[in-house]
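So you can see what is in the structure, the chains are spelled out below.
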Amino acid sequence: MRVLLIHSDYLKYQTKSKTKIAEKIDDEKKKGSFENSLVAFTAVEKEDEADMQGVVENAVKEIADVFSKVGAENVVVYPYAHLSSSLSSPDAAKKILIEIESELAEMDIKVARVPFGWYKSFEVSCKGHPLSELSRTITSQKTEEKEKEKGEESKWYILDEGQLIAPEEFDFYNKDLEQLTKYELGKSESSGEEPPHVKLMKEKGLADYEPSADVGHLRWYPKGRLIRDLLADYVYLLVTKEGAMPVETPIMYDLADDAIRVHAEKFGERQYRLGHKKKELMLRYACCFGAFRVLSDSFLTWKNLPARIYELSTYSFRMEKKGEVVGLKRLRGFTMPDLHTVCRDLGQSLVEFDRQIDLCMRTGEDFNVNYEVIFRATKDFYDEYKEWMHASAQKIGKPVLLEILPERKNYWISKMDFAAIDYLGRPIENPTVQIDVESGERFDITFLEENEQEDYPIILHCSPTGSIERVICSLLEKTAVEMDEKPPMLPVWLSPTQVRILPIAERHMDYALELARELKDHNVRVDVDDRPERVGKKIRNAATDWVPYVAVIGDNELESEELTINIRETQEKQAMTREDLVKLVKQETNEMPFRALPLPLKLSERINF
RNA sequence: GCCUCGAUAGCUUAGUAGGUAGAGCGCGGGAUUCGUAAUCCCGAGGCCGCGGGUUCAAUUCCCGCUCGAGGCUCCA
């Protein structure tokens, strides 16, 4: 519900003509005039229909609160549809407005209600003092929850070698951590530029906005899709090696299920709701829902634990604020690897937590992306497990930012967040590990203890890479950061084209194609620039495509065993045999996943996406 | 969600003090068969984001919407 509260000297209205949805009224209600009134212009919205009583309660509380603060003599409830673009049904709106009127009356507040569904002329005179104009968005959520969030504030430290240091006193030798700290403490200044990855993702033919979808949903072109698939393969191998069991679960859930609804509500307004005639569904914002449902229907014993369930959420949905959605960094639909580990007790969860820290750090090394770390815990947890926390922070090998929360307000008691820093100095939150002490009970996940008692487990949430889109985002941002030091490029194992062959003239074409086929047989992603262009132009195009290795084929190559390879990273030319070239690519891609290039071998046959 | 700014060919954009528009890249055709960051010539391609208003006339001015960019979070 939207409410605009105006403390007025006077309000006058006069009904003009009926609309189809007009309520029946007596003649005396056809006009009215009030003095020293708090006028509540009100629009009832679709989502209010789900819990009308809750909305009424909160609206009345809010109106009464402002009423007493401004010292008005009466309240006028004025239906005003123009405050919202998502209106409820007229019947629901009438009911809610009538309820608000009668509940205010019960509180001994003089209240009037202006008729619903009529065209009216009105005149209002705003008093103009600081509280005389207020707008409120009212939901059915309990207001206590909101107040709690605003309670005592977190304490922030830099945790370095077991020492707690106030951020303002810490001598940052690491620029990334300094920027992360500034950002978290709300002290970073913004430059007002677009992050460079947005242009890059379009320019390199990876992904683009899809205006015909909702904001924050992308279309992926073949090259981008290839990179996503390679990253998906990477995480799959990483977690299955650690004993994780992959599953796949639905992307939408019925809010009629209590556990689902309560877990969903932790997410507040950012839920993606899917209205349906009878059911109210939500789109998942992570894989928790599916994993927990699977676990709760499984029979677990202490011998099964720790049990690791993995899913790549293509997609997860979050209704991020419109103005916050940008490029690959913040989306409404994104892909996230999600590992849930069911642990017997807190002790076991801490052992697993440490292993997962290792996993997260390893992804940073494999992607060659620097992460800075925020370690968070409730005060109670920190006090009790200080030693473990210090030891775990030590694993990072550099200072970390530490947040101590006065009390638990989420499902987790401790979590570690890893963030890369983008070109503009802002964090891209990537991997995370969290200790969840609530969901076991809420989703009725139980296991049989050694003593034959049923018990609720501790559950770890872990995304060892963070969302796939954000991984790509950090890789692209990194190229922009390092632009001055070296030519921008993706890691060779993620480069769509790893080797490009440039025949100089028509007569070199057969040799080029034969070479390409051989490289392809060795699992190298190769293509041939067969277009009738000059070498200079083809070289230039290969460079703008960030191709790591370029082989020019001319008369010399036809006659000798050697190839001349342009190496992008070092900008050197090196003579080598075919075998050497394959070896070089293999060495550079070092055990990382491989997929073939899903595009025509010949550039002349490619579509320009 | 709110505020500010923007939207012209597939892409990057110039321009019109109101009289329906040019360029580069890309694309198609032709010539060139060439050794390391753009070969030359020709051609096609535009409801100037969408809807409404003002006007004899709107891509241009005004309003609304959509999409994008940045910022913001009850503060005017």
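This structure is a prediction, so every number in the text was calculated from the model and none was measured.

Points about the packing of aromatic side chains
Inspection of every chain in the model, using the stated rule, returns 21 aromatic pairs. Here the aromatic rings of Y80 and F122 are separated by 6.3 Å at their centres, their planes lie at 85°, and the arrangement is edge-to-face. Taken together, the residues span a long stretch of sequence, with Y80 in the loop between β3 (74-79) and α2 (90-106) and F122 in strand β5 (residues 118-126) at a distance of 42 residues. Judged by relative accessible area, Y80 falls into the partly exposed class, the value being 25%.

Re the domain arrangement of chain A
Each assigned domain of chain A is listed with its residue range as follows: domain 1 (2-148), domain 2 (155-247 + 286-476) and domain 3 (492-605). Its C-alpha centre places domain 1 at a distance of 70 Å from the equivalent point of domain 3.

Focus: the packing of helix α7 (residues 258-265) against helix α8 (residues 288-296)
With their axes 11 Å apart at the nearest point, α7 and α8 run at an angle of 150° to one another. When you trace α7 past α8, the crossing you get is right-handed. Mapping the contact onto sequence places I260, H263 and A264 in α7 and C288, F289, F292 and R293 in α8.

Observations regarding α2
Here α2 contains 17 residues, and its C-alpha end-to-end distance of 24 Å stays within 8% of the 24 Å for a straight helix at 1.5 Å per residue. Among all positions in α2, only A92, A93, K94, I96, L97, I100, E101, E103 and L104 are buried. At its buried positions, α2 is contacted by β2 (31-43), α1 (52-70), β3 and β4 (111-113). In the stretch just after α2, D108 is the one whose phi turns positive, near 65°.

Focus on the sheet that holds strand β25 (residues 499-503)
Strand order in this open sheet of five strands is β26-β25-β27-β28-β29, and the pairing throughout is mixed. Across the chains shown, the open sheet's two edge strands, defined by having one partner strand only, are β26 (526-528) and β29 (572-576). On average, each strand axis in the sheet is inclined to that of its neighbour by 25°, with strand direction left out of account. Contacts from helix α15 (residues 535-544) reach β25 and β27 (549-553) within the one sheet, and its direction differs from that of β25 by about 170°.

Focus: the protein's contact with RNA strand B
Taken together, the neighbourhood of RNA strand B is formed by 36 residues, with Y209, R426, R534, R540 and D555 sitting nearest. Within 4 Å of the protein, the atoms of RNA strand B are drawn from sugar and phosphate moieties in a proportion of 52%. Measuring from a phosphate oxygen of RNA strand B, one finds a side-chain N or O atom of R507 at 3.3 Å. Interatomic distance of 2.8 Å between a side-chain N/O atom of E557 and a base nitrogen of RNA strand B. At the level of elements, β6 (133-137), α15 and α16 (555-559) are the ones that each hand at least two residues to the surface near RNA strand B. Within the surface near RNA strand B, the residues separate by chemical class into eleven nonpolar, nine polar and 16 charged.

Overview of helix α4 (residues 175-184)
For α4, the set of buried residues is L177, L180 and T181. When α4 is viewed along its axis, its buried side chains cluster within an angular range of 100° and face the same direction. Where α4 is buried, its residues meet β7 (155-160), β18 (372-378), β19 (400-405), β20 (412-421) and β21 (427-436). Near the N-terminus of α4, the side chain that reaches the backbone nitrogen of D176, with its oxygen 2.9 Å away, is that of N174.

Notes on the pairing of β18
Within β18, seven of the seven residues are buried, which leaves the element mostly enclosed by the surrounding structure. Residues of β18 alternate between two faces, with E372, I374, R376 and T378 on one and V373, F375 and A377 on the opposite face, all of them buried. Two strands pair when backbone bridges link them, and β18 and β20 are joined in this way by six bridges, in the antiparallel orientation. Looking across to β20, one finds that E372 is bridged to A419. Summarising the sheet, β18 and β19 pair through five bridges and their orientation is parallel. Counted as the bridge partner of I374 is L401 from β19.

Quick notes on the rules
- Residues numbered from 1 in each chain as written.
- Chains lettered and ligands numbered in written order.
- Predicted model: local features only at pLDDT ≥ 70, side-chain atom pairs only at ≥ 80, totals over all residues.
- Heavy atoms only, no water.
- Phe/Tyr/Trp six-rings, centres within 6.5 Å; stacked < 30°, edge-to-face > 60°.
- Helix = DSSP H or I, 4+ residues; strand = E, 2+ residues; numbered from the N terminus.
- Buried < 20%, exposed > 50% of the residue type's maximum accessible area, 1.4 Å probe, protein only.
- Domains from an automatic or database assignment.
- Axes fitted to C-alpha atoms, helices over the stretch in contact; angles between N-to-C directions.
- Left-handed = near helix turned anticlockwise from the far one by under 90°.
- Contact = heavy atoms within 4.5 Å.
- Expected span 1.5 Å × (residues − 1).
- Pairing = 2+ DSSP bridges.
- Near = heavy atom within 4 Å.
- Polar contact = N/O pair within 3.5 Å; in protein donor to acceptor, adjacent residues only side chain to side chain.
- Nonpolar A, V, L, I, M, F, W, Y, C, P; charged D, E, K, R; others polar.
- Arc of directions from axis to C-beta.

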